[in-house]
Amino acid sequence: MATRRTLSGVAAWHHGGMQDQPSSFATDASAGQLICSAKGCQQAASYAVVWNNPKVHTPEREKTWLACEQHREWLSSFLDKRGFLLRVDAL
Ligand SMILES: [Zn+2]
């Protein structure tokens, strides 16, 4: 995987199917910076929102969305409502 970054798991989920994400994916992979996953947001991400959809993922599989300060709560509550949220890590 050539796009591996310092945060383990991010490159893997970027590669995978994006059907579970709530919005279009705005990360600029060439910037060398972790950008918030929220639609239209270009802020540097400060958090990794870690989740798992038990209907499509095995329990040990961890998906990650990146979130800035502003979108951390929105993204985590989106997942929490669906029972997908595992944890929120500070980057
Ligand atoms: Zn954001």
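Bear in mind that the values here come from a model prediction, so they are computed numbers and not experimental data.

Cut-off values and rules
- Residues numbered from 1 in each chain as written.
- Predicted model: local features only at pLDDT ≥ 70, side-chain atom pairs only at ≥ 80, totals over all residues.
- Core = buried A, V, L, I, M, F, W, Y, C linked by C-beta atoms within 7 Å.
- Buried ≥ 20, exposed ≤ 12 C-beta atoms within 10 Å, placed from the backbone.
- Helix = DSSP H or I, 4+ residues; strand = E, 2+ residues; numbered from the N terminus.
- Contact = placed C-beta atoms within 7 Å.
- Pairing = 2+ DSSP bridges.
- Axes fitted to C-alpha atoms, helices over the stretch in contact; angles between N-to-C directions.
- pLDDT = per-residue confidence, 0-100.

### Points about the nonpolar core
Soluble globular proteins tend to pack their nonpolar side chains together in the buried interior.
Item 1. Within the largest apolar cluster, 13 residues are counted, with the highest numbers of intra-cluster contacts made by Ala45, Val49, Leu66, Ala67 and Leu75.
Item 2. Where this core is concerned, the elements lending two or more residues are strand E1 (47-51), strand E2 (63-67) and helix H2 (72-81).
Item 3. Looking at which element gives the most residues to this core, the answer is E1, with 4 residues.
Item 4. Excluding its chain neighbours within four sequence positions, the residues that come into contact with Leu75 are Ser37, Ala38, Val49, Trp65 and Ala67.

### Considerations on the sheet that holds E1
Item 1. Strand order in this open sheet of 3 strands is E2-E1-E3, and the pairing throughout is antiparallel. Two strands bound the open sheet, and with one partner strand each, they are E2 and strand E3 (85-90). Strand-to-strand, the axes of this sheet are offset by a mean angle of 25 degrees, without reference to chain direction.
Item 2. Sheet topology places E1 next to E2; 5 bridges connect them, and they run antiparallel. When the sheet's bridge partners are listed, Ala48 is paired in E2 with Leu66.
Item 3. Strands E1, E2 and E3 of the sheet are contacted by H2, whose axis makes an angle of about 5 degrees with E1.

### What to know about the pairing of E3
Item 1. When you tally the buried positions in E3, you get 0 out of 6 residues, a small fraction of the element.
Item 2. Taken together, the 5 bridges between E1 and E3 define a ladder with antiparallel strand orientation. Counted as the bridge partner of Val50 is Arg87 from E3.

### Details of the environment of Leu75
Item 1. Locating Leu75 in the fold gives a position in helix H2.
Item 2. Owing to 24 C-beta atoms within 10 Å, Leu75 belongs among the buried residues under this scheme.
Item 3. As for Leu75 and Ala38, which are separated by 37 residues in sequence, their C-alpha atoms are 7.5 Å apart.

### Here we look at the confidence of the model for the chain
Do not read the fine detail of predicted coordinates wherever pLDDT is low.
Item 1. When pLDDT is averaged along the chain, the result is 79, and 65% of the positions lie at 70 or above.
Item 2. Below pLDDT 50 for its whole length, residues 8-19 participates in 12 contacts with residues either more than four positions away or in separate chains.
Item 3. Taken as a whole, residues 23-31 scores under 50 in pLDDT and shows 14 contacts with residues more than four places along the chain or in a different chain.

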